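Coordinate inspection notes
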Amino acid sequence: MPMTSDDLRILLHDEAFIGTPPSNPERTGQIECRIARRRRRLRVQVAGVAVAVLAVAGLSAVASRGVFGGGDPAVSGTATAIPLRKVALPPAVPIEKLWPQAVTKLPPKLPNGRTYSTRAFVDDHTLLVTTSSSFEKTDAVWLYDTDTRRLRLVTQITTPSKATTFASDFAVGDGRVAWWTARKEKNATVAEIWSAPLAGGGPHRVATMRAGKDEDGGVERLVIADGKAIWSLATFSPGARDGIFEAPLTGGGPTKIPGTDGYHIVDWPWIGTPDGRDNSTDLVAFKELRNVQTGQRRTAKVGPGRWICDLTWCGSLTSRGMALVRRDGSNGRILPGAWAVTAQIALDRFVAISQLRSVQLYDLSSGRLADLGPARQPGSFHIIEPGSRLYSIDRADGYLIVNLAAIR
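Below is a summary of the structure that appears in this document. (Residues numbered from 1 in each chain as written. Predicted model: local features only at pLDDT ≥ 70, side-chain atom pairs only at ≥ 80, totals over all residues. Heavy atoms only, no water.)

1. Topic: the overall build of the protein
- Broken down by element type, the protein carries 4 helices and 30 strands.
- The buried share among the 408 residues of the protein stands at 57%.
- In the protein, 48% of the contacts between residues at least 6 apart in sequence involve partners at least 24 apart. (Helix = DSSP H or I, 4+ residues; strand = E, 2+ residues; numbered from the N terminus. Buried < 20%, exposed > 50% of the residue type's maximum accessible area, 1.4 Å probe, protein only. Contact = heavy atoms within 4.5 Å.)

2. Regarding the state of the cysteines
- Here the structure, examined in full by the defined rule, presents 1 disulfide.
- Paired through a disulfide, C309 and C314 show a sulfur-sulfur distance of 2.0 Å. The disulfide joining C309 to C314 has a torsion of about 105° about its S-S bond and is therefore right-handed. (Disulfide = S-S within 2.5 Å.)

3. Quick notes on the sheet that holds strand β17 (residues 270-273)
- Spatial strand order, β16-β17-β19-β20: 4 strands in an open sheet with antiparallel pairing. Of all the strands in the sheet, the pair left with one neighbour each is β16 (264-267) and β20 (297-299). Going from strand to strand, the sheet's axes swing by 30° on average, the running direction of each strand aside.
- In the sheet, β16 pairs with β17 via 3 bridges, with the strands oriented antiparallel. Counted as the bridge partner of H264 is G272 from β17. (Pairing = 2+ DSSP bridges. Axes fitted to C-alpha atoms, helices over the stretch in contact; angles between N-to-C directions.)

4. Some words on the environment of T126
- Within the fold, T126 resides in strand β5 (residues 126-134).
- Here the alpha-carbon distance between T126 and Y144, two residues 18 residues apart in the chain, equals 5.6 Å.
- When residues no more than four places from it in sequence are discounted, the contact partners of T126 are A120, F121, L143 and Y144.
- There is a polar contact of 2.8 Å between the side chain of T126 and the side chain of D123. (Polar contact = N/O pair within 3.5 Å; in protein donor to acceptor, adjacent residues only side chain to side chain.)

5. As for the pattern of salt bridges
- In total, this model carries 13 salt bridges according to the counting rule given.
- Salt-bridge contacts for E246 lead to K228; the nearest nitrogen and oxygen are separated by 3.3 Å. Here E246 is found in strand β14 (residues 244-248), whereas its partner K228 is found in strand β13 (residues 228-234), with 18 residues between them in sequence.
- For K228, a relative accessible area of 29% corresponds to the partly exposed category.
- For the salt bridge of R376 with D394, the shortest nitrogen-to-oxygen distance reads 3.1 Å. (Salt bridge = Lys/Arg side-chain N within 4 Å of Asp/Glu carboxyl O.)

6. Things to note about the environment of L153
- Turning to its location among the elements, L153 is positioned in strand β7 (residues 151-156).
- Sequence separation of L153 and A140 is 13 residues, and the distance between their C-alpha atoms is 7.5 Å.
- In contact with L153, not counting residues within four places along its chain, are A140, V141 and W142.

7. Some words on unusual backbone geometry
- The step from W268 to P269 runs through a cis peptide bond, and the omega angle for that step is 10°.
- Tracing the chain through its elements places P269 in the loop between β16 and β17.
- A positive phi angle is found at D174, which is not glycine, with a value near 55°.
- Structurally, D174 can be placed in the loop between β8 (163-173) and β9 (176-185).
- Unlike most non-glycine residues, F286 shows phi in positive territory, near 60°.
- As for its placement among the helices and strands, F286 is situated in the loop between β18 (283-285) and β19 (288-291).

This is how it looks when you write it as structure tokens:
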């Protein structure tokens, strides 16, 4: 969903942006972190907000540092610096021509005449979408067949009283949909996990737990697997219980998965640590990965600088472009002039790039570059999630839906 002027106003009144002079690029990393936390309530796109905020403040989109607040890994003077070769971006090809099998165009409104938000693929031709009664206040979940354009109601959502976070982070699996809400209770954030069957039926509360001392607490990632809702908490606020939690979708108290202290869901069943909140110059977010099911471990060896790692690749947004390197330190490269929406990578292949007039997808496997065209509102983009196969863009003529898993 695109960022509005009201969203920007709210962000600019946030304490994270107050006293951030244009001459202080060190604050850009803190701004990015604050925006990432805000997305649970405003659901704005990270880079779109960052670019808008930095433009208002008189900063360049990337300033002279990586957006995570540290120095450029590409220009580190230490002996352990990773060599990063420049890779010229190829000419961008309209995605409808480059990967036609992966693209679907949908009208801006549902068959019932309502505007909507795309959430996830249920299968290759079925999208989970939501409608809202007001800004970000979801009132219903639907299944939308992209082939037949038929629409079916999954469940209606009633926002709990005193909610501080409306229904967020919809996940699908095992024939169900799950989401979470939050409310404030005695100066603490209490998160509630909800679920409903995709076949239709009312929602029920799966689990309730304390998730921090202030309004920045909440659920960070939510997935469905093995008949359970599984989630990691946003531990930005003091007092939040970090780790990975689970509860049967049929309901019951949350249980912490043993040995997950300090870990967060990266791409289930892979979990990682640390989470990248540290403002130190050298930090590798999710440097350590562990597969909860197999016990397999992976450690990133990327040298100095600020990085965020997924399953195979690590990325950093720098003043020279986007730095990319594999976890084992090989195949380092710089995409000059490419400002990624985030440094995370979808399906271990795709990087979302923000250009002045369009959004583009770069395929690390083939080196091809797809142009998705301009968003309805400039500066609004979707966030890349490592395990998601859905990437969509709200254009003036409707939604352009990309099934990343269909790209060969």
